[in-house]
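Residues per chain, in single letters:
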Amino acid sequence: MSDKTNSLTTMLAAAYRAETSATSAGRRRFFVSALASGVAVATSSAWSQTASPGSAQMGLTPSAGGGRLTIGEGGRGPSRMHPSFVKDVGLMTDLNATNQGGAWWNFDTYITPIPQFYIRNAFPTPRPELDRRVDPRYWQLKIHGDAVERELTITYDDLLKMPSRSIMSVMQCAGNGRSLFWEQEDFLTDPAKVSGNGWGLGGVGLAEWQYVPISHILGLVGLKSNAKAILFWSGVDGKTPNTESDTGRPIPVSEALERGEDIGLAFKMNGMPLPADHGAPVRALVPGWCGGASTKWLTEIKIASHDFWVRLNTTDHTLIGPDYPPPKAARNDEFRFIRPDQLLGQPVTWQEGRSTLAIPLTLTKQPDLPSNYPLARGEMPLLKAGPQMLRGYAWAPHAGVKKVDVRVNGGRWDEARIIDAQPNRYTWVRFEFAFSPAPGDYMIETRTTDRKGNAQPATVPYNKGGYNFFAIPKFNVRVA
Ligand SMILES: Nc1nc2c(c(=O)[nH]1)N[C@H]1C(S)=C(S)[C@@H](COP(=O)(O)O)O[C@H]1N2
Ligand SMILES: [Mo]
């Protein structure tokens with residue numbers, strides 16, 4: 001487990017568990033909503049059908065306070081407040097004390113609404129009423145280092161006055177899909193044991209981000225020609241009383257120069273001020289890379305003539321295993337809360353092409369199921385027999401999505417219909433395909449091919465932290 005805990009978190013979590021177990025509802029079985037409509041196949045209306053839940057055919061009843069998430073209630077659900085977060089996490093899978101996954105089987109919009117957007121925190125969300133460093137009235141960002149001409153400290157008001165852009169981009173945790181290292185590749189025991197949050201496929205979302213491009217910031221401070229790396233650092237979230245925050249992540253200067261208009265300092269998400277849980281008032285935005293590079297609650301940017309080694313590019317968010325030789329630090333590199341002997345593997349950067357169906361995974365082997373997962377261990381989601389549309393999402397930020405193929409029970413790959421035009425390579429597309437099963441059990445696979453011709457592989461090699469599971473996912477369904 002990469003997540004640090006502390007006594008406050010542990011206490012809050014214990015109190016929270018006591019509260020929810022008292023209100024847990026009994027188990028109910030639900031059909032996947034998109035499939036329960038029994039409409040004629042191959043119409044684009046499948047999307048609007050799923051977007052308007054409440055039809056009697058779905059046989060759904062609202063859940064009463066707590067209990068399991070349901071399949072097919074879309075954006076509705078009971079409220080669930082949690083001491084580690086600010087927003088209502090009622091629509092999310094309850095992974096553990098500081099992490100909430102998206103309920104991807106309920107996703108149907110292009111932009112992921114904030115209430116459905118995963119939260120990946122190493123510690124509880126810092127609150128502006130308790131910590132001035134994240135209060136926009138007092139927030140400051142220090143930009144410094146030996147590779148800038150002028151140090152600069154800016155306030156939130158300064159940032160708002162700067163030129164900004166918006167971009168639609170997927171944010172994905174490097175650990176998204178980790179469950180499939182257990183389910184599909186059996187990495188459950190040493191020496192090939194994967195540990196970490198069991199995201200299923202809910203560690204991903206798409207938002208529209210408003211941000212000041214890093215190119216503008218670099219122009220203000222004056223980049224020296226010896227500049228090598230840029231460290232985005234929070235320094236806010238950490239062990240109580242926040243004296244040991246070790247959250248931040250560097251990017252090479254070359255990356256910031258190549259993508260100077262895409263990488264930046266985000267202050268809005270989906271048109272609203274950045275929510276507390278997503279890094280308010282300002283976070284880094286590094287589209288296409290794992291979410292860990294997009295440091296939330298940003299307070300420091302250091303631009304230096306050396307590399308930086310921190311938790312998130314050494315022990316965590318790093319591919320550690322026989323296939324991933326560790327890097328070597330140079331003599332003048334900077335270490336924060338990390339020792340030179342902790343450079344263990346290759347830091348996760350770009351995210352590969354991936355896909356998911358809007359159907360929950362059957363979790364059989366995963367060590368811990370989220371407490372409110374809609375399926376019991378080993379249970380398959382139910383579909384109704386007959387013609388229906390299945391739908392999903394595909395993304396491939398390095399090159400963009402070229403096509404998505406689907407196959408059933410290991411049969412022929414068929415191309416799915418891609419619904420959305422991709423506004424840029426960092427976004428996802430929705431896809432759908434016709435499925436007309438007789439009663440029985442089925443295994444459905446989805447495969448993205450990017451615009452450079454890279455298709456999702458059958459397997460990916462072992463890495464200790466279970467990052468970057470970009471192999472073809474397998475969805476088991478029972479048709480009744
Ligand atoms: N300060 C800080 N920044 C952080 C994190 C964190 O715990 N603390 N988590 C990182 C990780 S691992 C991911 S995947 C993304 C998640 O962003 P989200 O919670 O807005 O979805 O934030 C990143 N930035
Ligand atoms: Mo992450």
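Residues numbered from 1 in each chain as written. Chains lettered and ligands numbered in written order. Predicted model: local features only at pLDDT ≥ 70, side-chain atom pairs only at ≥ 80, totals over all residues. Heavy atoms only, no water.

Engineer: What is the right way to look at the overall build of the chain in this model?
Structural biologist: Broken down by element type, the chain carries six helices and 28 strands. Buried residues in the chain amount to 58% of all 480 residues. Pairs at least 24 apart in sequence give 74% of the contacts found in the chain among residues at least 6 apart. (Helix = DSSP H or I, 4+ residues; strand = E, 2+ residues; numbered from the N terminus. Buried < 20%, exposed > 50% of the residue type's maximum accessible area, 1.4 Å probe, protein only. Contact = heavy atoms within 4.5 Å.)

Engineer: Is there a simple way to think about the packing of aromatic side chains in this case?
Structural biologist: Inspection of every chain in the model, using the stated rule, returns 15 aromatic pairs. Aromatic pair Trp 233 and Phe 337: ring centres 6.4 Å apart, planes at 0°, arrangement stacked. Of the two residues, Trp 233 sits in strand S10 (residues 229–233) while Phe 337 sits in the loop between strand S18 (334–335) and strand S19 (346–347), which places them 104 residues apart along the sequence. Feature note: the residues Phe 107, Tyr 393, Trp 395 and Trp 428 constitute an aromatic cluster, connected by ring pairs. (Phe/Tyr/Trp six-rings, centres within 6.5 Å; stacked < 30°, edge-to-face > 60°.)

Engineer: How should I be thinking about the sheet that holds strand S25 (residues 417–418) in this particular structure?
Structural biologist: Backbone-to-backbone hydrogen bonds join strands into a sheet, with any given pair of strands oriented parallel or antiparallel. Spatially, four strands are ordered S20-S22-S26-S25 in an open sheet, and the strand pairing comes out antiparallel. Edge positions in the sheet fall to strand S20 (354–357) and S25, since each has one partner strand and no second. Summarising the sheet, S25 and strand S26 (residues 428–435) pair through two bridges and their orientation is antiparallel. Along S26, the bridge assignment pairs Ile 418 with Phe 431. (Pairing = 2+ DSSP bridges.)

Engineer: Explanation requested: the side chain of Asp 405 in the structure shown.
Structural biologist: Inspection of the secondary structure puts Asp 405 in strand S23 (residues 401–408). At a separation of 3.1 Å, a polar atom in the side chain of Asp 405 contacts the side chain of Lys 403. When sequence neighbours within four positions are dropped, the list of residues in contact with Asp 405 reads Trp 413, Asp 414, Glu 415, Ala 416, Glu 445, Thr 446, Arg 447 and Thr 449. (Polar contact = N/O pair within 3.5 Å; in protein donor to acceptor, adjacent residues only side chain to side chain.)

Engineer: Would you mind going over the site of ligand 1 with me for this structure?
Structural biologist: The full set close to ligand 1 counts 19 residues, and Tyr 118, Asp 237, His 278, Arg 283 and Lys 296 are the nearest of them. Taking His 278, its side chain carries an N or O atom lying 2.7 Å from an oxygen atom of ligand 1. One of the side-chain nitrogen or oxygen atoms of Lys 296 is found 2.5 Å away from an oxygen atom of ligand 1. Computed on the free molecule, ligand 1 has an accessible area of 530 Å², of which 99% lies beneath the protein chains in the complex. Of all the cavities here, the one that holds ligand 1 is the largest cavity. (Near = heavy atom within 4 Å. Areas by Shrake-Rupley, 256 points an atom, 1.4 Å probe, with all protein chains shown as cover. 1 Å grid on protein atoms, 1.4 Å probe; cavity = no way out; pocket = protein on both sides within 12 Å on 5 of 7 lines; lining within 4 Å. Sits in = over half its atoms within 2 Å of the grid points.)

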